Amino acid sequence: MESITIAAYGKINLSLDVLCKRSDGYHEIETVMKSIDLKDTLILTKQREGITIECDNPLVPLDSTNLVYKAYSILSDIYNIKKGVHIKIHKNIPVAAGLAGGSSNAAATLIGLNELWGLKLSKEELMKIGVQIGADVPFCIMGGTALAKGIGEKLKTINSTSEHLVLLAKPDIEVSTKDVYNSLNIADIGTRPDMKKMLKAIEDNDLHRISDNMVNVLEEVTAKKHSQIQYLKSEMIKWGAVGSLMSGSGPTVFGLFQNEKELLQCKSNLEGKVPTLIITKTI
Ligand code: ATP
């Protein structure tokens with residue numbers, strides 16, 4: 001096999017809690033993550049040596065700071081592989097959006113190289129390597145719906161067959177995940193998500209209860225600095241979303257919808273008010 005094509009799916013956080021800051025600087029979190037049907041496509045082609053990266057989105061770095069570069073380096077170091085790869089990334093997931101754009105690409109690279117190099121590593125083995133690249137990478141390897149603990153790497157699969165319609169709205173603002181976590185004062189967190197209630201609502205496939213239990217403690221930090229977050233959330237609800245929340249550290253706000261008519265109505269009302277609007281669904 002000379003070449004392989006892998007889909008890299010994005011995610012949303014249906015709830016996110018920050019429990020404490022560890023002595024190593026990382027934050028202990030609890031979050032429910034769900035894959036969405038919005039994907040980048042990665043084409044991995046063998047080459048003599050080293051890694052070269054190509055991407056159709058100019059916002060994506062092509063050097064060693066790209067997470068696919070880190071995935072290649074870690075895997076080739078561990079297994080002492082001298083072969084090279086060219087990775088072509090077709091971007092659909094907005095960059096720096098809270099939708100796991102980079103993490104999903106790293107996950108796809110590990111999955112693709114495992115095939116190309118015939119390493120025969122299990123999903124669990126790839127997930128253990130993935131956490132060295134980023135906390136969301138193991139989830140992106142697994143996909144579906146999961147409760148994540150630790151720094152995001154301790155995953156419990158949640159059985160969920162439900163598909164919900166999602167509208168993503170990404171305002172034109174830059175947020176750094178690191179800054180958001182650093183600005184969070186854990187003692188000041190007001191409302192925290194009730195994970196048990198959320199898991200039960202997902203199990204019962206009850207969109208209203210899922211929506212009622214959606215809380216992201218990072219939202220307040222980003223919303224304090226950027227009024228668009230609260231604005232987009234209230235617009236989503238005003239135009240028919242059952243629930244709306246900021247994903248991850250933001251700035252993307254998503255709305256969950258009962259039917260397509262309401263979603264389309266909401267989208268047309270937000271047109272011109274936010275630069276990026278994407279219709280997708282949970283998977
Ligand atoms: P997370 O994966 O933590 O949810 P995010 O969705 O908030 O992250 P990303 O799309 O991963 O954000 O982008 C964060 C930064 O990572 C970007 O500004 C970019 O410089 C860098 N980056 C590195 N590799 C990639 C990649 N393959 N795709 C997109 N961004 C990348």
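Refer to the structure printed above.
All values reported here derive from a predicted model rather than from experimental measurement.

Participant: How would you explain the sheet that holds strand S8 (residues 243-246) if you had to name every residue and give the values?
Facilitator: The strand order across the open sheet built from 4 strands is S8-S9-S7-S10, with neighbouring strands paired in antiparallel fashion. A strand with exactly one partner marks an edge of an open sheet, and here the two such strands are S8 and strand S10 (276-281). The sheet shows a mean angle of 20° between the axes of neighbouring strands, direction not considered. Along the sheet, helix H9 (residues 228-238) contacts strand S7 (165-170), S8 and strand S9 (253-257); its crossing angle with S9, the most-contacted strand, is approximately 10°. Relative to the sheet, helix H10 (residues 260-270) contacts S7, S9 and S10, its axis offset from that of S7 by approximately 10°.

Participant: Would you mind going over helix H1 (residues 67-78) in detail, with residue names and values included?
Facilitator: Here H1 is 12 residues long and its end C-alpha atoms lie 17 Å apart, about the 16 Å a rise of 1.5 Å per residue gives. Buried residues of H1: Val68, Ala71, Tyr72, Ile74, Leu75 and Ser76, and no others. Sitting at the head of H1, asparagine 66 places a side-chain oxygen 3.0 Å from the backbone nitrogen of valine 68. Looking one or two residues beyond H1, the residue adopting positive phi is asparagine 80, at roughly 50°.

Participant: Go over the site of the ligand with me, naming the residues and quoting the values.
Facilitator: Contacts to the ligand come from 18 residues, most closely from Ala96, Gly98, Ala100, Gly102 and Ser103. Separating a nitrogen atom of the ligand from a side-chain N or O atom of asparagine 66 is a distance of 3.0 Å. Within the contact set of the ligand, an oxygen atom lies 3.0 Å away from a backbone nitrogen or oxygen of leucine 99. Contact with the protein chains covers 77% of the free accessible surface of the ligand, which is 610 Å². Here the element with the most residues in the shell around the ligand is helix H2 (residues 101-116); it accounts for 4 residues.

Reading the values: the criteria
- Per-chain numbering applies: the sequence of each chain, read as written, is numbered from 1 onward.
- Selection of residues for local features in this predicted model requires a pLDDT of at least 70, selection of side-chain atom pairs for listing and counting requires 80 or more, and totals for whole chains, interfaces and linings are taken over all residues.
- Side-chain measures were taken over the full set of non-hydrogen atoms in the model, leaving aside hydrogen atoms and water.
- Pairs of strands are assigned from DSSP output, requiring at least two bridges between the strands.
- Comment: elements are numbered from the N terminus, with helices defined as DSSP H or I runs of at least four residues and strands as E runs of at least two.
- To get an axis, fit a line to the C-alpha atoms, keeping to the stretch in contact for a helix; angles then go from 0 to 180 degrees between the N-to-C directions.
- Residue contacts are defined here by distance: any two heavy atoms, one from each residue, within 4.5 Å place the two residues in contact.
- What a helix is expected to span follows from its residue count: subtract one and scale by 1.5 Å.
- Per-residue accessibility, obtained with a 1.4 Å probe over protein chains only, is compared with the maximum for each type, and a residue is labelled buried under 20%, exposed over 50%, and partly exposed between these values.
- Think of a polar contact as two N or O atoms within 3.5 Å of one another; within protein, one of them needs to be a possible hydrogen donor and the other a possible acceptor, and neighboring residues in sequence only count if both atoms come from side chains.
- For this description, a residue counts as near a given molecule or strand if any of its non-hydrogen atoms is within 4 Å of it.
- Throughout, the Shrake-Rupley method with a 1.4 Å probe supplies accessible areas, and for residues the shown protein chains are the sole cover considered.

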